[in-house]
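Coordinates in review
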Amino acid sequence: MDEERFRIRAELYRLLLDEEAGAASTLVPRMLADPDSLTPEVRWCLLYLIRGIGYLAGRNRLLGQGGLLDTLAEEFEVARCRTRRLDGLWSDIVQEDPKHWMQRYESTEVHYSLDELSWLNEQLGRLWEVERQRLALEEPPLPPLAMRRKLIAAAKQEEVPFNLPLRLT
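A short tour of the structure in this document, coming up. If you're wondering where the values come from, they're calculated on a predicted model, not measured in any experiment.

Let us look at the overall build of the chain. From N to C terminus, the chain includes eight helices and zero strands. Overall, the chain shows an N-to-C arrangement of helices and strands of α-α-α-α-α-α-α-α. Counting the 169 residues in the chain, one finds 40% classified as buried. Taking contacts inside the chain between residues at least 6 apart in sequence as the whole, the part at least 24 apart equals 68%. Summing over all exposed atoms, the chain offers an accessible surface of approximately 11,100 Å²; the carbon and sulfur share of this is 56%.

Written out as structure tokens, the structure reads:
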């Protein structure tokens, strides 16, 4: 692998895996496991980030090797399909706000540069911080999907069926 490709791959992995680079290392696995637990704004920011990473990886011939970047690009789009309608509605509303970060992103000339992806990852961190503050104020906060499933399963096990005969008179 030549030096430029190696540098691009290292930077893409840093964006994805390094907590100091931004929130992607926390939110990408959460998006893949439970997209409904994230707000549409966070999902859109993740979408732009992951598509940008996929674009740069493809342009630099880093895809097609069955690695992390391939898996991420494919699985992210699958997870995103679950929330596409709500995300589209949210996007339509945000298009009316000229000061929203999404307008800034969409008006740039180079969507898929390392600098732009770094900015998106930092923006994602800011959005996630606000979201965590909002979740902390909820009574009770929304637990992760795995915990919600366990609670639902436990509640179903505790249900006692009533076998009362029906009397038609």
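Don't stop here, the text continues.
A few words now on the nonpolar core. Leu12, Leu46, Ile53, Trp101, Leu120 and Leu124 are the most contacted members of the largest nonpolar core, which has 37 residues in total. Those elements that provide at least two residues to this core are helix 1 (3-17), helix 2 (24-33), helix 3 (40-59), helix 4 (68-81), helix 5 (84-94), helix 6 (101-106) and helix 7 (114-137). Per-element accounting of this core gives the leading share, 11 residues, to helix 3. Setting aside anything within four residues of it in sequence, one finds leucine 120 in contact with Cys45, Tyr48, Leu49, Trp101 and Tyr105.

What follows deals with the pattern of salt bridges. Summed over the entire model, instances satisfying the criterion amount to eight salt bridges. A salt bridge links glutamate 129 to arginine 132; the nearest nitrogen and oxygen atoms lie 2.8 Å apart. Of this pair, glutamate 129 and arginine 132 both sit in helix 7, three residues apart, which is roughly one turn of that helix. Under the relative-accessibility criterion, glutamate 129 is labelled partly exposed at 34%. Take arginine 132: its relative accessible area is 43%, and that puts it in the partly exposed class. In this structure, the salt-bridge partner of glutamate 131 is arginine 134, at a minimum N-O distance of 2.5 Å. Here arginine 134 and glutamate 131 lie together in helix 7, a separation of three residues that amounts to about one turn. What you see here is one network of salt bridges that share partners, running through Arg43, Arg80 and Asp87.

This part covers the packing of helix 2 against helix 7. Where helix 2 contacts helix 7, the axes come no closer than 10 Å and their chain directions differ by 75 degrees. The angle between helix 2 and helix 7 places the two elements in the roughly perpendicular class. Facing Ala24, Thr26, Leu27 and Arg30 of helix 2, the residues of helix 7 in contact are Asn121, Leu124 and Trp128. Across the contact of helix 2 with helix 7, the residue classes break down as four nonpolar, two polar and one charged.

Definitions and cut-offs
- Residues numbered from 1 in each chain as written.
- Predicted model: local features only at pLDDT ≥ 70, side-chain atom pairs only at ≥ 80, totals over all residues.
- Heavy atoms only, no water.
- Helix = DSSP H or I, 4+ residues; strand = E, 2+ residues; numbered from the N terminus.
- Buried < 20%, exposed > 50% of the residue type's maximum accessible area, 1.4 Å probe, protein only.
- Contact = heavy atoms within 4.5 Å.
- Areas by Shrake-Rupley, 256 points an atom, 1.4 Å probe, with all protein chains shown as cover.
- Core = buried A, V, L, I, M, F, W, Y, C linked by side-chain atoms within 4.5 Å.
- Salt bridge = Lys/Arg side-chain N within 4 Å of Asp/Glu carboxyl O.
- Axes fitted to C-alpha atoms, helices over the stretch in contact; angles between N-to-C directions.
- Parallel < 35°, antiparallel > 145°, perpendicular 65-115°, else oblique.
- Nonpolar A, V, L, I, M, F, W, Y, C, P; charged D, E, K, R; others polar.

The values are spatial; any link to function lies outside them.
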